[in-house]
Amino acid sequence: MLESLITSKTRLRLLVKFFVNDQNRSHLRGLADEFGESTNAIRKELNNLTQAGILLKESNKNKIAYKANTHHPFFINIQEIIRKYLGLDRLLEQILDRMGEVGQVVLIGDIAKGIDTGTIDVLVTGDQLNQDYIKGLKSRIEELIERKVVFTLSNDRYEEEGLVLFDSTVGV
């Protein structure tokens, strides 16, 4: 659906890259390699998004890194749109509905880095998680968000890299 509003696939991929997780940063060549596109196509979109104030440039030695402008008036709106586009809102809602004592819901893998491979890796931590529910939930969520979902369940709190969608101790 978002593809009909944002007709540039490169621009959409850049928005996913930087707005799914506002900690993501990248430079032109890295994006060209990641997307498998020419640097010229990516440079054009980066310039457009930078001129609009949606992305910021950071110079570090000879490299220019790009990141989302978290102070832009539409930052939250764009982030919500991208997360809805990926189905993360529905995913979180379904997990918290009847999973049990959920401690954390963390996106790990490519999607946490802003790379939309079509697979979403989700780590759910907590005590006495409803494993039967997650088995039925997997196929329902995949149909709902039109992406493959891989769930990992753990009793232990997760402290490594990832995008935290929910954390009961922090209240997020």
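For the structure itself, look to the data block above.
In this report, the structure presented in the accompanying data block is examined. Computed from a predicted structure; not experimentally measured.

On to the side chain of Asn24. With respect to the helices, strands and loops of the structure, Asn24 is situated in the loop between α2 (9-19) and β1 (25-27). Within the local environment of Asn24, its side chain forms a polar contact with the backbone oxygen of Lys17, the two atoms lying 2.8 Å apart. Filtering out sequence-adjacent residues up to four positions away, Asn24 remains in contact with Lys17, Phe18, Tyr66, Lys67, Ala112, Lys113 and Gly114.

For the α-helix, the turn length of 3.6 residues means that residues three or four positions removed from each other point alike. Residues of helix α6 (residues 88-98) that are buried include every one of Leu88, Leu91, Leu92, Gln94 and Ile95, and no others. Looking straight down α6, one finds its buried side chains confined to an arc of 165°; they lie on one side. Away from the buried face of α6 by more than 90 degrees, exposed residues Glu93 and Asp97 are located. Tucked inside the fold, the buried residues of α6 contact α5 (75-86), β4 (101-108), β5 (119-127), α7 (131-145), β6 (148-154) and β7 (163-167). Where α6 ends, the next residue or the one after it, Gly100, has phi of about 110°, a positive value.

For the rest of this paragraph, the subject is the packing of aromatic side chains. Counted under the stated rule, the structure contains one aromatic pair. We note Arg147 situated over the ring of Tyr85; from NZ or CZ to the ring centre the distance is 5.2 Å.

Phe19, Leu91, Leu107, Val122 and Phe151 are the most contacted members of the largest nonpolar core, which has 47 residues in total. No other element matches α2, which puts six residues into this core.

Let's shift gears to α2. With eight of its 11 residues buried, α2 lies for the most part within the structure. Among all positions in α2, only Thr10, Leu12, Leu14, Leu15, Val16, Lys17, Phe18 and Phe19 are buried.

We now examine the pairing of β6. Sheet analysis places β5 next to β6, joined by seven bridges and oriented parallel. Bridge pairing links Val124 to Leu153 in β6. Once you follow β5 into α7 and on to β6, the crossover reads as right-handed.

This part takes up the pairing of β7. With four of five residues buried, β7 lies mostly within the body of the structure. In this structure, β4 lies alongside β7, joined through four bridges in antiparallel fashion. Following the sheet pairing, Val105 is matched in β7 by Phe166.

This paragraph deals with the sheet that holds β6. The strand order β6-β5-β4-β7 describes an open sheet built from four strands, whose pairing is mixed. Each edge of the sheet is formed by a strand with only one pairing partner; in this case those strands are β6 and β7. Averaged over all pairs of adjacent strands, the angle between their axes in this sheet comes to 20°, without regard to strand direction. In the packing of α6 onto the sheet, contacts are made with β4, β5, β6 and β7, and the angle to β4 comes to roughly 155°.

Let us now look at the pattern of salt bridges. As enumerated under the stated definition, the model contains 10 salt bridges in all. Arg25 is the partner of Glu58 in a salt bridge, and the nearest nitrogen-oxygen pair spans 3.6 Å. On the criterion of sequence distance, the pair formed by Glu58 in strand β2 (residues 55-60) and Arg25 in strand β1 is long-range, its members being 33 residues apart. Overall, Arg25 belongs to the partly exposed group, its relative accessible area being 39%.

Quick notes on the rules
- Residues numbered from 1 in each chain as written.
- Predicted model: local features only at pLDDT ≥ 70, side-chain atom pairs only at ≥ 80, totals over all residues.
- Heavy atoms only, no water.
- Helix = DSSP H or I, 4+ residues; strand = E, 2+ residues; numbered from the N terminus.
- Polar contact = N/O pair within 3.5 Å; in protein donor to acceptor, adjacent residues only side chain to side chain.
- Contact = heavy atoms within 4.5 Å.
- Buried < 20%, exposed > 50% of the residue type's maximum accessible area, 1.4 Å probe, protein only.
- Arc of directions from axis to C-beta.
- Phe/Tyr/Trp six-rings, centres within 6.5 Å; stacked < 30°, edge-to-face > 60°.
- Lys NZ or Arg CZ within 6 Å of the ring centre and 35° of its normal.
- Core = buried A, V, L, I, M, F, W, Y, C linked by side-chain atoms within 4.5 Å.
- Pairing = 2+ DSSP bridges.
- Right-handed = clockwise from strand over helix to strand, strands pointing away.
- Axes fitted to C-alpha atoms, helices over the stretch in contact; angles between N-to-C directions.
- Salt bridge = Lys/Arg side-chain N within 4 Å of Asp/Glu carboxyl O.

All we've got here are geometric facts, nothing functional implied.
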